[in-house]
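Examining the three-dimensional arrangement
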Amino acid sequence: MKYLYKILAILFLVPTLGIAQNVLNLEDAIAIALKSNYDIQLAENSVVQADNNKSVYNSGFLPTVTANADARYNTSNAKITDQQGNEREIEGVQTSGYGASVGLNYVLFNGGARKYQYDKLKNLFALSSLQKKTQIENTLIDVYTTYYNLARSQEQKKTIEEAYKISKERLERVVVQQEYGQKSNLDILNAKVDANKDSINLINVAVQVENNRRNLNFLLGREISTVFSVDSEVRLDSNLSYLELLTQLKSNNNELKQLELNQSITQQDLKINQAGWLPSVTTNASYGYNFNDNGPAGFLAKQQSTGLSAGLNLSWNVFDGGATKVRVQNAKIAMKTQELNKQKIQLNLENQLATFWAEYTTQQAIIENEKINVEVSNQNFLKSKELFNLGKITSLDFRQAQLNLINTKLNLLNATYNAKIAELQLKRFAGMLK
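Residues numbered from 1 in each chain as written. Predicted model: local features only at pLDDT ≥ 70, side-chain atom pairs only at ≥ 80, totals over all residues. Heavy atoms only, no water.

1. Examining the packing of aromatic side chains
The condition is simple: Between 30 and 60 degrees the pair is tilted, below 30 it is stacked and above 60 it is edge-to-face, where a pair is any two Phe, Tyr or Trp rings, Trp via its six-membered ring, whose centres lie within 6.5 Å. Put simply, DSSP H or I for four residues or longer makes a helix, DSSP E for two residues or longer makes a strand, and each gets a number counted from the N terminus. Three labels apply to residues, based on accessible area from a 1.4 Å probe with only protein chains included: buried if under 20% of the type maximum, exposed if over 50%, partly exposed otherwise in between. When the NZ atom of lysine or the CZ atom of arginine is within 6 Å of a ring's centre and also within 35 degrees of its normal, the charge is said to sit over that ring.
Applying the stated rule across the entire model yields 10 aromatic pairs. Taking 6.2 Å as the distance between ring centres and 45 degrees as the angle between the ring planes, the aromatic pair formed by Tyr148 and Tyr417 counts as tilted. You can see Tyr148 sitting in helix α4 (residues 113-179) and its partner Tyr417 sitting in helix α9 (residues 395-429), a full 269 residues away along the chain. Of the two residues, Tyr148 and Tyr417, both sit in the buried class. With 5.5 Å between their ring centres and 40 degrees between their planes, Phe381 and Phe398 make a pair best called tilted. Placement of the pair is Phe381 in helix α8 (residues 323-389) and Phe398 in helix α9, with a sequence separation of 17 residues. Given a relative accessible area of 2%, Phe398 falls into the buried group. A cation sits over an aromatic face here: Arg213 above Phe228, 5.9 Å from the ring centre. Over the ring of Phe228 we find Arg222, and its NZ or CZ is 4.8 Å from the ring centre.

So, in structure tokens, the structure goes:
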């Protein structure tokens, strides 16, 4: 028992001093998570990248401009024979030159692939934005769930602390009564066992409190050892309608919206691949300057030129071995796959919505029954305690009344928090989570 007392002092007395000074409400927890959660920050980076990718600079609609410059130098020995057959040898012939040019290239037409690729990039940006919203929803439901699990374990701890206190008082009373011959050693042993059980339960629930607190700190992106408590109050939304939730799911669910965008992206992939069957037209223009010093061996001693040139090019890949045909066929198959995947996921979402609705309504019914059970169990416990103190019932009868009260209180807590978590899941699927 002394060892258990030491553990309880470490787990409860010290943290209690800290958490009593800092209560984290749900609104603040959500605000911290939206600002500091790492998964949300990573999703935001993906949105920024997608935004960069859909820029006109990545679209292929702008021309490319290149600038070139070069310098040349050469030294050699030359042997020259003119038209009359006269020969002359020149040693150390030096030639040099330099030049520069600016060129512009532009794709006039490539079968429409450029337009479809640009539309695809814009859809990928919209998709990344939806993925960020989905990540925010996932983070919010994790924060909500962990927050309420922490609140649940806090309330469980209070209930078990109360039970432990009653068990210690019972043990102390039995010890006194045994001294006056009213109780036996067996009564003392039973009281010790029950007190030990309650102390072990208290240790276990304390571990749950600490684990839930650390998990919530992680979700909030802050030091996991931060000590705080949470508001345990739970308010259930009594205005939920299954038909309305189902309607909202079909129109607002982010996962379904992502599937629709993926279908559009797959259609654009098909058009991009079909563009491979069409010709491409490009144009180019350049302006350049060139100077050559041909040395004494050249026909012309020096040569200098400047000029503008332009051209138009048409390219048509008449046959590429069937590669484009295969890509088009695969893109069509991908479109069918996306449609099947959408139908599958929509059915799965509706199934999960129905499951959480059943959980939500079931837990509400349990709450009403458990409220009655708690009231009855409490009356039974108070009466049993009075009779036990008068020596009219046994320790086992008193313990059973105590356990009934503990269990009904814990059952009510579980039903309440389970109903709240199910409610939040329903709102997440319907795109109503805030």
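2. With respect to the pattern of salt bridges
Spelled out, the test is: Every case where a carboxyl oxygen of Asp or Glu lies within 4 Å of a side-chain nitrogen of Lys or Arg is listed as a salt bridge.
According to the stated counting rule, one finds 19 salt bridges in the structure shown. Taking the shortest distance from any N to any O, the salt bridge between Lys54 and Asp51 comes out at 3.3 Å. Across the salt bridge formed by Arg399 and Asp198, the nearest N and O atoms sit 3.0 Å from each other. Of the two residues, Arg399 sits in helix α9 while Asp198 sits in helix α5 (residues 185-219), which places them 201 residues apart along the sequence. Accessibility classification places Arg399 together with Asp198 in one group, the buried group. One connected set of salt bridges, linked through shared partners, spans Arg170, Asp194, Asp198 and Arg399.

3. Some remarks on the environment of Ser229
Along the polypeptide, Ser229 turns up in strand β4 (residues 229-230). C-alpha of Ser229 to C-alpha of Asn341: the two residues are 112 residues apart in sequence and 43 Å apart in space.

4. Considering empty space enclosed by the protein
Using the following cut-off: Within this scheme a cavity is a closed region of a 1 Å grid, computed over the protein atoms alone, that accommodates a 1.4 Å probe without allowing it to escape, whereas a pocket is open but has protein on both sides within 12 Å along at least five of seven lines; lining residues each have an atom within 4 Å of a point. Grid points are joined across faces, edges and corners, and a volume is the space filled by probe spheres set on the points. By the convention adopted, Pro, Cys, Tyr, Trp, Phe, Met, Ile, Leu, Val and Ala count as nonpolar, Lys, Arg, Asp and Glu as charged, and the other residues, Gly among them, as polar.
For the structure on display, the rule yields one cavity of 30 Å³ or more. Its boundaries defined by the atoms lining it, the largest cavity holds a volume of some 60 Å³. Around the largest cavity, the lining residues are Thr159, Glu162, Ala163, Ile166, Phe381, Gln402, Leu405, Ile406 and Lys409. Looking at the lining of the largest cavity, the elements that each hand over two or more residues are α4 and α9. Considering only residue class, the lining of the largest cavity consists of five nonpolar, two polar and two charged.

5. As for the side chain of Glu155
This is how the line gets drawn: We define a polar contact as two N or O atoms separated by no more than 3.5 Å, with the added condition that, inside protein, one atom must be a possible hydrogen donor and the other a possible acceptor, whereas residues neighbouring each other in sequence contribute only through side-chain atom pairs.
Among the secondary structure elements, Glu155 is positioned in helix α4. Judged by its relative accessible area of 18%, Glu155 falls in the buried class. In this structure the side chain of Glu155 is engaged in a polar contact, spanning 2.9 Å, whose partner is the side chain of Ser232.

6. Thoughts on the confidence of the model for the protein chain
The predicted coordinates ought not to be read in detail in places where the model reports low pLDDT. Stated precisely, the cut-off is as follows: Confidence of the predictor at the level of single residues is given by pLDDT, which spans 0 to 100.
Scored by pLDDT, the protein chain comes out at a mean of 89, with 92% of its residues at no less than 70. Mean pLDDT across the elements of the protein chain ranges from a minimum in helix α1 (residues 2-19), with 48, to a maximum in β4, with 96.

7. Some details on the nonpolar core
Our working definition: To qualify as a nonpolar core, a set must consist of buried Ala, Val, Leu, Ile, Met, Phe, Trp, Tyr and Cys residues joined through side-chain atoms within 4.5 Å. When checking whether two residues touch, look at their non-hydrogen atoms; a contact exists if any pair is within 4.5 Å.
Core analysis: the biggest nonpolar cluster contains 28 residues, and Val143, Tyr144, Tyr147, Tyr148, Leu216, Leu220 and Val230 have the highest contact counts within it. Elements represented by at least two residues in this core include exactly α2 (26-36), α4, α5 and α9. Ranked by the residues each element gives to this core, the list is headed by α4, at nine residues. Those residues in contact with Tyr144 that lie beyond four places of it in its chain are Leu26, Ile30, Leu424, Leu433 and Lys434.

8. Here we look at the side chain of Lys342
Here Lys342 lies in helix α8. Setting aside chain neighbours within four positions, we find Lys342 in contact with Leu259, Glu260 and Gln263.

9. Some words on a nonpolar patch on the surface
Rule in force here: What goes into a patch is any residue over 30% in relative accessible area without a salt bridge, connected to like charges within 9 Å or, for nonpolar side chains (Val, Leu, Ile, Met, Phe, Trp, Tyr), within 5 Å. Only the protein chains shown count as covering a residue, and every accessible area follows the Shrake-Rupley method with a 1.4 Å probe.
A contiguous nonpolar surface patch, about 520 Å² in accessible area, is contributed by Leu108, Phe109, Trp277, Leu278 and Leu312. Considering the arrangement of structural elements, one finds Trp277 in the loop between α7 (254-274) and β5 (280-293). Relative accessible area serves as the criterion here: at 43%, Trp277 is assigned to the partly exposed category.

10. Describing the packing of helix α6 (residues 242-252) against α7
The cut-off we apply is this: Between N-to-C directions, angles cover 0 to 180 degrees, with each direction set by a line fitted to C-alpha atoms, over the stretch in contact for helices.
Two numbers describe how α6 lies on α7: the axes approach to 6 Å, and their chain directions differ by 35 degrees. When α6 is examined against α7, the residues Leu249, Lys250, Ser251 and Asn252 are found in contact with a partner set consisting of Asn254, Leu256 and Lys257. Each residue belonging to the contact of α6 with α7 can be placed in one class, and the counts come to two nonpolar, three polar and two charged.

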